[in-house]
Each structure stands twice: as structure tokens, then as C-alpha cells.
Amino acid sequence: AAAVERGRQLVGTTGKNCITCHVVGSHRALGPQGMDLLQQHERLQPAWFRDWLLEPQRHRPGTRMPGLWPTVDDAARTDADAIRSWASLGAAAPLPDGLPKPGGLQLVPSDRPVLH
């Protein structure tokens, strides 16, 4: 349960912001419409999924996928595994923070910038 919650936090706007580029089930991405995060656990081997998240440029130079962890260490591996745990729930996965509500995206000013 803790890994699923950590994964949910990481993919949302308060974490690594994956939902900016990736679809989450029936919810469109905030920007480009990348692969559905909830289908990745079915399509990719666990070790490859982790390696891709941690070092996407090494596996596919020039990819638009950014490197989200500056150092590949145990904490980064745990985070990548938590994202996979969350995604493994498929349609039952709890939705990450930041997905637009039905009816469109609303811009809400805050006291800090959001990095995309």
C-alpha cells in the first residue's frame, strides 16, 4: 500500500510530473499524449521498466523522456519500483494529483512555479 501511494504521488504534479506527458487510463495528459502509464506494467518487463525510468537517454538517445533522478541510487530504484506498483493496479489505480477535472484545465496561481 505504501509503494502504491508513493507511486501515485510521484506520477502527479507534486512528484515527477509524469502526467504532463502521459495518459492515465481515460484521463488525457496535460501536454503531449504519451503512452498510458496504466498499461506499462503489462507491456514491459519489471527490470527494463526500472532501467528506462532511471536512464531513458542511455536506452534511447534523443528521447523526449527526461532523466528524472540525478543519481541512480537505492532511493531512485525504490521510486521507480513504486511507480510500477501503482501502475500495476491498472484501472483500479488511485488517480494522481493534478489531473484536470472534467470540463477543462483551470490555471490556479500558487506561491511556487511548477517545473515541467
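In the block above lies the structure referred to throughout.
To keep things clear, this report deals only with the structure shown in the data block.

Conventions and cut-offs
Residues numbered from 1 in each chain as written. Predicted model: local features only at pLDDT ≥ 70, side-chain atom pairs only at ≥ 80, totals over all residues. Heavy atoms only, no water. Core = buried A, V, L, I, M, F, W, Y, C linked by side-chain atoms within 4.5 Å. Buried < 20%, exposed > 50% of the residue type's maximum accessible area, 1.4 Å probe, protein only. Helix = DSSP H or I, 4+ residues; strand = E, 2+ residues; numbered from the N terminus. Contact = heavy atoms within 4.5 Å. Phe/Tyr/Trp six-rings, centres within 6.5 Å; stacked < 30°, edge-to-face > 60°. Lys NZ or Arg CZ within 6 Å of the ring centre and 35° of its normal. Axes fitted to C-alpha atoms, helices over the stretch in contact; angles between N-to-C directions. Parallel < 35°, antiparallel > 145°, perpendicular 65-115°, else oblique. Nonpolar A, V, L, I, M, F, W, Y, C, P; charged D, E, K, R; others polar. Left-handed = near helix turned anticlockwise from the far one by under 90°.

## Some remarks on the nonpolar core
Within the largest apolar cluster, 22 residues are counted, with the highest numbers of intra-cluster contacts made by V11, V24, L37, L53, W69, I83 and W86. Every element with two or more residues in this core is listed here: α1 (2–11), α3 (46–54) and α5 (74–87). Among the elements that line this core, the one with the most residues is α5, at five residues. Not counting chain neighbours up to four residues away, the residues in contact with L37 comprise V11, C18, H22, V23, V24, W86 and A87.

## Focus on the packing of aromatic side chains
Taken as a whole and assessed by the stated rule, the structure comprises one aromatic pair. Note on W48 and W52: the rings are 5.5 Å apart at their centroids and 10 degrees apart in plane angle, and the pair reads as stacked. One end of the pair, W48, and the other, W52, are both in helix α3, four residues apart, so they sit about a helical turn from each other. A relative accessible area of 39% places W48 in the partly exposed class. Classification of W52 by relative accessible area gives buried; the value is 17%. One cation-aromatic arrangement involves R84 over F49; the distance from NZ or CZ to the ring centre is 5.7 Å.

## Considerations on the packing of α1 against α5
Angle between the axes and distance between the axes are the two parameters that describe a pair of packed helices. Contact geometry for α1 and α5: axes closest at 7 Å, N-to-C directions at 100 degrees. Judged by the inter-axis angle, α1 sits roughly perpendicular to α5. Residues A3, V4, R6, G7, R8, L10 and V11 of α1 touch α5, and the partners they reach there are D79, A82, I83, S85 and W86. Grouping the constituent residues of the contact of α1 with α5 by class yields seven nonpolar, two polar and three charged.

## Re the packing of α3 against α5
Between α3 and α5, whose axes approach to 9 Å, the crossing angle comes to 120 degrees. Judged on the interaxial angle alone, α5 and α3 are oblique. For the pair α3 and α5, the crossing hand works out as right-handed. Contact residues: P46, F49, R50, L53 and L54 in α3; A76, R77, A80, D81, I83 and R84 in α5. In the contact of α3 with α5, the residues fall into seven nonpolar, no polar and four charged.

## A few points about α3
All buried positions along α3 are accounted for by F49, W52, L53 and L54. Looking at the buried positions of α3, the neighbouring elements they touch are α2 (40–43), α4 (56–59) and α5.

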